[in-house]
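Observations on the model geometry
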Amino acid sequence: MKRLFAFFAGVLWLAVPPLAAQSNKLIRELENKHGALQKLIADTENLLKNTKKDAASQLNSLSALTGQIQER
């Protein structure tokens, strides 16, 4: 019984470091992906904000032109 316990303890002890290394590598990869996605989100939000400003400006110009046409 003690030998069986010692065997399983040894196997577990040998298996833990590679698993920890894989976990650390996976964590770093996920952190890198998270950073890239955060940058992509920020860039997309900036584009959306600029598009909204442009749309509002175009609507104002259209409204002004419509008013000028109606006056004539």
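Since the structure is predicted, the reported quantities are computational estimates derived from the model, not experimental observations.

1. Thoughts on the overall build of the protein
Counting its secondary structure elements, the protein contains 1 helix and 0 strands. A burial count over the protein gives 0% of its 72 residues as buried. Summing over all exposed atoms, the protein offers an accessible surface of approximately 7,100 Å²; the carbon and sulfur share of this is 66%.

2. Observations regarding the pattern of salt bridges
According to the stated counting rule, one finds 1 salt bridge in the structure shown. The shortest N-O distance in the salt bridge between Asp-43 and Lys-39 comes to 3.1 Å. One end of the pair is Asp-43 and the other is Lys-39, both in helix 1 (residues 2-71) and 4 residues apart, which spans about a single turn. On the basis of relative accessibility, which here comes to 35%, the residue Asp-43 falls in the partly exposed class.

3. Overview of a nonpolar patch on the surface
Nonpolar side chains collect at one region of the surface, where Met-1, Leu-4 and Phe-7 lie side by side and expose about 400 Å² of accessible area between them. As for its placement among the helices and strands, Phe-7 is situated in helix 1. Residue classification places Phe-7 among the exposed residues on the basis of a relative accessible area of 52%.

The rules behind the values
Residues numbered from 1 in each chain as written. Predicted model: local features only at pLDDT ≥ 70, side-chain atom pairs only at ≥ 80, totals over all residues. Heavy atoms only, no water. Helix = DSSP H or I, 4+ residues; strand = E, 2+ residues; numbered from the N terminus. Buried < 20%, exposed > 50% of the residue type's maximum accessible area, 1.4 Å probe, protein only. Areas by Shrake-Rupley, 256 points an atom, 1.4 Å probe, with all protein chains shown as cover. Salt bridge = Lys/Arg side-chain N within 4 Å of Asp/Glu carboxyl O. Patch = residues over 30% accessible without salt bridge, like charges linked within 9 Å, V, L, I, M, F, W, Y side chains within 5 Å.

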